[in-house]
There are 2 protein chains.
Amino acid sequence: MAELVERVVLPSLGGRAQCAGRLTDAAVLRFPGGRLAFTTDSYVVQPLEFPGGDIGKLAVCGTINDLAVVGAVPAALSLALVLEEGLEISLLRRVLESAGAAAARAGVEVVTGDTKVVERGGLAGMVINTSGVGVLLETARLGFDRVRGGDKVLLSGPLGEHGLAVMSRRKGLSFAAELESDCAAICGLTRALVERLGPAVRWMRDPTRGGLAATLAELAAGAGMDLEIDEAEIPENRAARAAAEMLGLDLLTVANEGKLLAVVAAESAGEARRMLADQPIARRAAIIGEVRGAAENPLVELVTRVGGRRVVQMPYGEELPRIC
Amino acid sequence: MAELVERVVLPSLGGRAQCAGRLTDAAVLRFPGGRLAFTTDSYVVQPLEFPGGDIGKLAVCGTINDLAVVGAVPAALSLALVLEEGLEISLLRRVLESAGAAAARAGVEVVTGDTKVVERGGLAGMVINTSGVGVLLETARLGFDRVRGGDKVLLSGPLGEHGLAVMSRRKGLSFAAELESDCAAICGLTRALVERLGPAVRWMRDPTRGGLAATLAELAAGAGMDLEIDEAEIPENRAARAAAEMLGLDLLTVANEGKLLAVVAAESAGEARRMLADQPIARRAAIIGEVRGAAENPLVELVTRVGGRRVVQMPYGEELPRIC
């Protein structure tokens, strides 16, 4: 997929530099009156409903989060449906109610939409595209180039709940009954950090597909900095750990849909952690590591619970569970 | 489809009033520094390539046009692909190059995107979602409520070229070989009108699905005004007329993808027509009728070439060729 995008989609399409990065990021545009963020994502998930969420909630939260992590306050969403002929109307209704409720909770409105129906076949029910625009907070100064040696790395809560809830449901694994997706809008977290701490917040991302491992690897490569992460500090959901072990998966590579990874200046990291922990979706926020310093071949090193060290790689192929 | 959207999608989703109208319109939002337009549309067309265009060009022009007709200068597009497994890469490349070229011609950039692949099945190759944001021209004062009795109705060129080019290709009709889709960005037309004539431009729309008939019916109903259209003044493409007759279709109901319908104050209508005709895609722009006045049950009356009169209805069901 990455190859398809890099070799075919981007060169063919042309367009501007933002396209050359991770495509799901929000682009930041200068408009009269300020900076706007703009993003798009199409959601394809099986099953359409899963413990803790559904494709509608996922589509709304995912796009809100893409805006949130560039330092924007989400302002408006579009929602475009592609429905497979024969889709149950009651299911569609549930999914849309869930999408509407998720938007309302985040204080964002769905202002424009579109609906198309395609023949029964490979679509597995529906695809939802959500695009979004948001206004950048004036105090937002975020970017790989803002990351400094000594900065702290914060994570807003335990890993893997979304990916494992979806995979468990798909495989009918009963031992994971108590597992729920963490699917949530994190714009309240990002806004609080950026409004209060301004330029002390260096960089933010939501660790979705590829999990924390992919996001850390991307951070190290983008910033050109070594990272050191302390495994013992990573908040853990026991059910998620058990499910990951049963499935032979590394929790670090499993997708999350309501978590924030933030790099914050050392002197503000304690306050940032407390501000996160004040909000219900980030009660277990933790400082999980730090930025070591510039490196030619930047690495993410994990100090394991038993005191060993291992390098965290960008997951690929088999290691990257296809859940969204 | 209209019923699905009105009965299921909108009530379930909640959201704001803009959603209650035609869903493919752009929503207009107040932002610090001005008014922004925001729109989304998913494109499903068969065949993916047709004389005069393809799904990529269509997706880019369609979204640009949705922004243009609310009086916005398109500023940025997103492009999200849902690809069917097994899609030919060379076809994908052509479609994306075409999309990129269409955006470049209109002076708009694709700034963010997304790519998903789904199983082989009912998708017929690909779906493209394009969303767009644009900045409203300061002089734009557009709306159904701005339409006055005596205003003139302008059309930028001949009808039906897109719909008939696609249908002819689909049915392998050789007599329509010279027919090409009119697929084009009309933002140059709308911008010229609004910048020069400001509030004398009352309302604009691109007559896509349902053709001129649907757009006029929508205008009459939305403005609460009777309209009178002079059939002899509607610019005609002979090949399109011949193809429509062979297929038993009313040209007024066939889709266009590069035409503008505009309501302009009578005293500015002549200048508006000349300004349109100065641009290559609107050489044959014409004043095709006028707004008669307020009515309780507003009607669109067509004065036929032979001097008769008939009421133009909103097309539905069989009359509405499914081409996009």
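Residues numbered from 1 in each chain as written. Chains lettered and ligands numbered in written order. Predicted model: local features only at pLDDT ≥ 70, side-chain atom pairs only at ≥ 80, totals over all residues. Heavy atoms only, no water.

Chemist: I'm lost on the overall build of chain A in this one. Help?
Modeler: Each helix and strand in chain A was counted, giving 8 helices and 14 strands. Computed over its C-alpha atoms, the radius of gyration of chain A comes to 19 Å, within 12% of the 20 Å expected for a compact globule of 324 residues. Dimensions of chain A, computed from the C-alpha atoms along their principal axes, are close to 55 × 55 × 40 Å. Evaluated residue by residue, chain A yields a buried proportion of 61% over its 324 residues. Relative to all contacts within chain A whose residues are 6 or more apart in sequence, the contacts with residues 24 or more apart total 84%. Within the structure as shown, chain A displays about 12400 Å² of accessible surface, and the carbon and sulfur contribution to it stands at 48%. Mean positive and mean negative side-chain charge positions of chain A (35 and 41 charges, respectively) differ by 3 Å. (Helix = DSSP H or I, 4+ residues; strand = E, 2+ residues; numbered from the N terminus. Rg over C-alpha atoms; globule rule 2.2 N^0.38 Å. Buried < 20%, exposed > 50% of the residue type's maximum accessible area, 1.4 Å probe, protein only. Contact = heavy atoms within 4.5 Å. Areas by Shrake-Rupley, 256 points an atom, 1.4 Å probe, with all protein chains shown as cover. Lys, Arg positive; Asp, Glu negative; His and termini not counted. Charge placed at Lys NZ, Arg CZ, Asp CG, Glu CD.)

Chemist: Hey, could you run me through the sheet that holds strand E10 (residues 225–230) of chain B in this one?
Modeler: Strands in a sheet are paired, the pairing made by backbone hydrogen bonds, and the direction either parallel or antiparallel. All names here are of chain B. Pairing is mixed in the open sheet, where 7 strands are placed in the order E9-E11-E8-E12-E10-E13-E14. The sheet is open, and its two edges are formed by strand E9 (201–205) and strand E14 (309–312), each paired on a single side. On average, each strand axis in the sheet is tilted by 25° relative to the strand beside it, whichever way the strands run. Both E10 and strand E12 (residues 286–294) contribute to a ladder of 5 bridges, which runs antiparallel. Looking across to E12, one finds that Leu227 is bridged to Val291. Relative to strand E8 (residues 152–155), helix H8 (residues 266–277) is tilted by about 5°, and along the sheet it contacts E8, strand E11 (261–264) and E12. (Pairing = 2+ DSSP bridges. Axes fitted to C-alpha atoms, helices over the stretch in contact; angles between N-to-C directions.)

Chemist: Can you help me understand the sheet that holds strand E9 (residues 201–205) of chain A in this one?
Modeler: All names here are of chain A. Within the open sheet, the 7 strands sit side by side as E9-E11-E8-E12-E10-E13-E14. Their pairing is mixed. Each edge of the open sheet is held by one strand with a lone partner, namely E9 and strand E14 (309–312). On average, each strand axis in the sheet is inclined to that of its neighbour by 25°, with strand direction left out of account. Contacting E9 and strand E11 (261–264), helix H5 (residues 187–197) runs over the sheet at an angle of about 170° to E9.

Chemist: Looking at this structure, I do not really get empty space enclosed by the protein. What am I missing?
Modeler: Think of a ball as big as a water molecule: rolled over the atoms, this probe shows where empty space is left. If you walk through the whole model with that rule in mind, you get 4 cavities of 30 Å³ or more. Forming the walls of the largest cavity are 14 residues, and the residues nearest its centre are Phe31 and Pro32 of chain A together with Phe31, Pro32 and Leu36 of chain B. Every element with two or more residues in the lining of the largest cavity is listed here: strand E2 (34–43) of chain A together with strand E2 (34–43) of chain B. Residues belonging to the lining of the largest cavity are distributed by class as follows: 8 nonpolar, 4 polar and 2 charged. (1 Å grid on protein atoms, 1.4 Å probe; cavity = no way out; pocket = protein on both sides within 12 Å on 5 of 7 lines; lining within 4 Å. Points joined across faces, edges and corners; volume = space filled by probe spheres on them. Nonpolar A, V, L, I, M, F, W, Y, C, P; charged D, E, K, R; others polar.)

Chemist: Just to check I follow, could you spell out the pairing of E2 of chain A for this structure?
Modeler: Successive residues of a regular strand alternate their side chains across the two faces of the sheet. Residues and elements named next belong to chain A. Burial of E2 is extensive: 8 of the 10 residues sit out of reach of the surface. In the sheet, strand E1 (residues 27–31) pairs with E2 via 5 bridges, with the strands oriented antiparallel. Of the residues in E2, the one forming a bridge with Val28 is Ala37. Hairpin connection from E1 to E2: 2 residues lie between these consecutive antiparallel strands, with Gly33 at a positive phi of about 100°. Where E2 and strand E7 (residues 126–136) come together, 8 bridges link them in antiparallel fashion. The residue of E7 that forms the bridge with Tyr43 is Ile128.

Chemist: Explanation requested: the interface of chain A and chain B in the structure shown.
Modeler: How big an interface is tends to be expressed through the accessible area that disappears when the partners come together. Taken together, the 66 residues of chain A in the interface contact 66 residues of chain B. Here chain A packs against chain B, burying approximately 5200 Å² in sum over the two surfaces, 71% of which is carbon and sulfur. A per-residue breakdown of the area chain A buries against chain B is headed by Leu13, Phe38 and Val111 of chain A, which together make up 12% of the total. On inspection of chain A and its partner chain B, the count reaches 2 salt bridges. Between Lys116 of chain A and Asp41 of chain B there is a salt bridge, and its shortest N-O distance comes to 3.1 Å. At the boundary of chain A and chain B, one finds 7 residue pairs in polar contact (both at pLDDT 80 or more). Taken together, the elements giving at least two residues each to the side of chain A that touches chain B come down to helix H1 (2–13), E1, E2, strand E5 (72–84), helix H3 (89–105), strand E6 (109–118) and E7 of chain A. Among the elements that take part in the side of chain A that touches chain B, E6 of chain A stands out by supplying 10 residues, more than any other. (Buried area = accessible area lost by both parts, 1.4 Å probe. Salt bridge = Lys/Arg side-chain N within 4 Å of Asp/Glu carboxyl O. Polar contact = N/O pair within 3.5 Å; in protein donor to acceptor, adjacent residues only side chain to side chain.)

Chemist: What is the right way to read the pairing of strand E7 (residues 126–136) of chain B from this model?
Modeler: Residue and element names in this part refer to chain B. With 10 of its 11 residues buried, E7 lies for the most part within the structure. As paired elements, strand E5 (residues 72–84) and E7 share 11 bridges and run antiparallel to each other. Bridge pairing in E7 places Leu77 opposite Gly132.

Chemist: Before we go on, may I ask you to explain the side chain of Ser156 of chain B in this structure?
Modeler: All names here are of chain B. Assignment of secondary structure puts Ser156 in the loop between E8 and helix H4 (161–171). Overall, Ser156 belongs to the buried group, its relative accessible area being 0%. A polar side-chain atom of Ser156 sits 2.9 Å from the main-chain amide nitrogen of Leu260. Every residue in contact with Ser156, bar those within four places of it in the chain, is listed here: Leu189, Gly258, Lys259, Leu260, Ile281, Ala282, Arg284 and Ala285.

Chemist: I keep staring at the pattern of salt bridges and nothing clicks. Help me out?
Modeler: A side chain with one charge can pair with a side chain of the opposite charge if their charged atoms come near. This model, assessed by the stated rule, comprises 38 salt bridges over all chains. Several salt bridges converge on common partners, so that one network encompasses Lys152, Glu228, Glu290, Arg292, Glu301 and Arg309 of chain A.

Chemist: I tried to follow helix H2 (residues 55–68) of chain B on my own but got confused; where do I start?
Modeler: Residue and element names in this part refer to chain B. The end-to-end C-alpha separation of H2 is 19 Å, in line with the 20 Å expected for 14 residues at 1.5 Å each. Of all 14 residues in H2, 14 are buried; the element is thus mostly enclosed. The N-cap residue of H2 is Asp54: its side-chain oxygen and the backbone nitrogen of Gly56 are 2.8 Å apart. (Expected span 1.5 Å × (residues − 1).)

Chemist: What should I look at first to understand the relation of the copies chain A and chain B in this one?
Modeler: Two copies of a chain can be linked by a rotation about an axis combined with a shift along that same axis. The transform that puts chain A on chain B rotates by 180° and translates by 0.0 Å along the axis, for an RMSD of 0.0 Å. The superposition operator between the copies reduces to a two-fold rotation axis. Most of the interface of chain A is mirrored in chain B, where 100% of its interface residues again form contacts. (Least-squares fit on C-alpha atoms with pLDDT ≥ 70 in both.)

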